[in-house]
Amino acid sequence: MSSAWRFNVSARLYSAINAQAAWRRSCGRLAAHFPPGAGHRVLDVGCGPAFSTIALARARPDARLVGLDLAPRMLQEARKRMVSAGLQRPIPLFLADAANLPFRDEGLDVVTGHSFLYLVDRPDAVLAEARRTLRPGGRVVLMEPNYRAVPLREVLRYSRDPRFLFSVCIWRPYSRRHGRFTAATLGATLAAAGFDDFGSEEVLAGLGLLGWATKP
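Residues numbered from 1 in each chain as written. Predicted model: local features only at pLDDT ≥ 70, side-chain atom pairs only at ≥ 80, totals over all residues. Heavy atoms only, no water.

Novice: A description of the state of the cysteines should follow, citing residues and the corresponding values.
Specialist: Inspection of every chain in the model, using the stated rule, returns zero disulfides. Considering cysteine sulfurs only, Cys47 is the nearest to Cys27, which forms no disulfide, with 11 Å between them. Of the residues examined, Cys47 reaches a relative accessible area of 4% and is grouped as buried. (Disulfide = S-S within 2.5 Å. Buried < 20%, exposed > 50% of the residue type's maximum accessible area, 1.4 Å probe, protein only.)

Novice: Any chance you could break down helix α8 (residues 162–178) for me, citing the residues and the numbers?
Specialist: With 17 residues, α8 should cover 24 Å at 1.5 Å per step; its first-to-last C-alpha distance of 24 Å lies within 8% of that length. Along α8, the positions that sit buried rather than exposed are Phe164, Ser167, Val168, Trp171, Arg172 and Ser175. The buried residues of α8 occupy an angular sector of 135 degrees when the element is viewed end-on, so they sit on one face. Exposed and oriented more than 90 degrees from the buried face of α8 are Pro162, Cys169 and Arg177. Those residues of α8 hidden inside the fold are in contact with α2 (11–17), α3 (21–29), β5 (134–145), α7 (152–158) and β7 (208–214). N-cap assignment for α8: the residue whose side-chain oxygen lies 2.8 Å from the backbone N of Arg163 is Asp161. In the segment just after α8, Gly179 is the residue with positive phi, at about 125 degrees. (Helix = DSSP H or I, 4+ residues; strand = E, 2+ residues; numbered from the N terminus. Expected span 1.5 Å × (residues − 1). Arc of directions from axis to C-beta. Contact = heavy atoms within 4.5 Å. Polar contact = N/O pair within 3.5 Å; in protein donor to acceptor, adjacent residues only side chain to side chain.)

Novice: Describe the sheet that holds strand β1 (residues 41–45), with residues and values.
Specialist: Sheet strands line up and pair through hydrogen bonds in the backbone, either parallel or antiparallel. A sheet is described by the order of its strands in space; here seven strands give the open sequence β3-β2-β1-β4-β5-β7-β6, paired in mixed fashion. Lying at the two open borders of the sheet, with one neighbouring strand each, are β3 (93–95) and β6 (196–203). Going from strand to strand, the sheet's axes swing by 20 degrees on average, the running direction of each strand aside. Across four bridges, the pairing between β1 and strand β4 (residues 108–114) is parallel. From the neighbouring strand, Val45 faces β4, where its bridge partner is Gly113. (Pairing = 2+ DSSP bridges. Axes fitted to C-alpha atoms, helices over the stretch in contact; angles between N-to-C directions.)

Laid out in structure tokens, this is it:
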């Protein structure tokens, strides 16, 4: 996985620019693709400042959530945001590598990641760990940068929040360097890791691609 130092350095900036409604909406959208049932055991990998973890907790208050990140400063930001979020119950946060998860085999129902997989050095190892820890029928749900070009008018129609626009100006060139996905390539990546029943939808005006797949 990528070294934690750059995420430690960028923790406050990342937390500040993504504290906006557009980003939170895409985080909450992950919950729409959980498998059937209630009371899911959910691991949010690469949770960063916990935007996705908090959004999931609000969308699915029945879920038993855990957040995990490699960068200590990201988790510091996460703890601050969780305090101010006023959640019904505390969410445990783990400092760990997503390529070496501290969870037992088949102990989870859902593994989520929001703008995460494209950053890691070994996505195959991360997905192998997700598959190991998911029960049969469990699901991985990921939001990643979308490969296709998005006209500026569509971005502005979606949100004119300066924080959103600034984050897009950083995210798009950064993801161009580190890797974006099409529905076909994200589906193929998940299939190669042993998942099936892939589905996808666009979020963030098409800037993001949300994909989900099931462990057989």
